[in-house]
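Here is how the chains run, residue by residue.
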Amino acid sequence: MTKCIVDFINSRKVAWLDKKIKEGKQSEQALKEEAEIKYSAKNWIEDASTQAERLYLVSHTAKLSHPEAKASAFIASCVQRNDGLIRSGNVKYNFDIYGNAGLMYIGKFLSLSLSDGTKVLDAFERNNPILVEYILGLGLDFNSIRENFLKIKKDTSKSHTSQLLKQIYFPTESKQYHLLSIVNATGLMQELNNRIKKMLQESADCGNKLKHGEIEEADFQRLTNLTKIGYGGSKPQNISSINNAEHGVFFLLPSLPPKLSDNYQRLPTEDFFNQSLNCFHSAFLSEFKLLEKLWNTPINNSENRQKIRNCINQIVDHVLLVAAQYQALPGGWSQSFKNLPTYQKVWLDSALQDRRNTKEWKEKVIERMTDWIIFSWEKISRSNKFGDEQINELKRLITSEKEVF
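This section reports on the structure supplied with the text.

About the criteria used
Position numbers for residues count from 1 along each chain, tracking the sequence in the order it is written. Where local features are concerned, this predicted model is filtered to residues with pLDDT of at least 70; where side-chain atom pairs are given and counted, the filter is 80 or more; whole-chain, interface and lining totals use all residues. The side-chain values count all of the structure's non-hydrogen atoms but skip hydrogen atoms and water molecules. Each residue is placed in one exposure class: buried if its accessible area under a 1.4 Å probe, protein chains only, is under 20% of its type's maximum, exposed if it is over 50%, and partly exposed if it falls in between. Numbering goes from the N terminus for both helices and strands, where a helix is a DSSP run of H or I of at least four residues and a strand is a run of E of at least two. It is the directions from the helix axis to the C-beta atoms whose arc is reported. Between two residues, a contact is recorded if the distance between any of their heavy atoms is within 4.5 Å. Comment: axis = line fitted to C-alpha atoms, over the contacting stretch for helices; angle = value between 0 and 180 degrees taken between N-to-C directions. Here roughly perpendicular refers to angles of 65 to 115 degrees, roughly parallel to angles under 35, roughly antiparallel to angles over 145, and oblique to all remaining angles. Each crossing gets its hand from how the near helix is turned against the far one by less than a right angle, where anticlockwise is left-handed and clockwise is right-handed. Ten residues, namely Ala, Val, Leu, Ile, Met, Phe, Trp, Tyr, Cys and Pro, are considered nonpolar, four, namely Asp, Glu, Lys and Arg, are considered charged, and the remaining ones, Gly among them, are considered polar.

### As for helix H6 (residues 129-137)
Link 1 in the chain: Listed in full, the buried residues belonging to H6 are Leu 131, Val 132, Tyr 134 and Ile 135. Projection of H6 onto a plane perpendicular to its axis shows the buried side chains occupying an angular sector of 165°, all on one side. Projecting away from the buried face of H6 at angles above 90 degrees are the exposed residues Pro 129, Glu 133 and Gly 137.
Link 2 in the chain: Contacts made by the buried residues of H6 are with helix H1 (3-23), helix H3 (41-51), helix H5 (120-125) and helix H7 (142-149).
Link 3 in the chain: The positive-phi residue at the C-terminal boundary of H6 is Gly 139, with phi of around 85°.

### Points about the side chain of Glu 287
Link 1 in the chain: Of note, Glu 287 is situated in helix H11 (residues 282-296).
Link 2 in the chain: Those residues in contact with Glu 287 that sit more than four places away from it in its chain are Cys 311, Gln 314 and Ile 315.

### Concerning the packing of helix H12 (residues 302-327) against helix H14 (residues 360-381)
Link 1 in the chain: The N-to-C vectors of H12 and H14 enclose an angle of 120°; their axes lie 12 Å apart at closest approach. On the basis of their axis angle, the class for H12 and H14 is oblique. In this structure, H12 crosses over H14, and the sense of that crossing is right-handed. When H12 is examined against H14, the residues Ile 315, Val 316, Val 319 and Leu 320 are found in contact with a partner set consisting of Met 369, Trp 372 and Ile 373.
Link 2 in the chain: Broken down by class, the residue content of the contact of H12 with H14 amounts to 7 nonpolar, no polar and no charged.

This is how it looks when you write it as structure tokens:
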């Protein structure tokens, strides 16, 4: 049952010995003799127990929020509820350890699973008879060792926080507060990592078997659009034991806003020309720039004037194309917008199609379209280009050639 303890201490001895031999500061024989003493089970466990009080056993570590925060020396106690939420209480996960980064190996030791599945820390807390016998067999006082190791579970009877957490509390009734910004449970994040990695491995194994003809069909699950978040940079051990074990990287499940359909349209609430058209859009801008070029040319013949008319026609065509998108919507959409002018509702809302027999609404559309083209052109060219003659010509072009309103 205690073989995992022996193996763990031996692995640390081998790692320490290899490192020291490579440094070459002492003879190999002297180092081996030192290792046998330093990493004997009795000496190592006794030394580790005296160092345990410099660590904290927690369910949530504040260092994820800020590396200097030390407020979360607590273990959350949450009940299990069938509420469908991924949270403490609903998922079984390991507690985390933070503190002196050089002592994280003690956390690994206390997290070892004995042959019956019990963690070493739990075995100390429950006075596991086999562990008691093992410690006593090393010539150590079990109660003293137990007391030292259990110091990792600090007294958390007093609630406190830290300004470094930058937590947001929303006031509710009776001087109560609701916490909006949570501190993550690293054990819960690790459990998510484990489950996702298992799914990825299973899907990869099935893919390889299908590729090599080992199987004809397979069922597996795969999560898409995953992303990752990192903590601690190049020194994940400075955050916590679990963060170090996961190399500071955790998966995140998608938490995205609703995706709008491709045919989403912003409905005009006050004015179609201001809210639905943009003179700097490529469809308009190219024509306005050509118009600017033609306007500034010294040549004033029928061919050049016709090119100007063509540019204006292209601009008007695109305005009508945008308007047609609103005309194609289910009728009645404009009823909700009291500030939208009536003539624009008649023009754009198919529910008011029977009111298009009059000329009044069309004259107002032409007037407003003329103003918008003039304003847009002058905005792009940054100068006043139009006199009364040009304005009247523009109105004439729109009226005579655009009978499709």
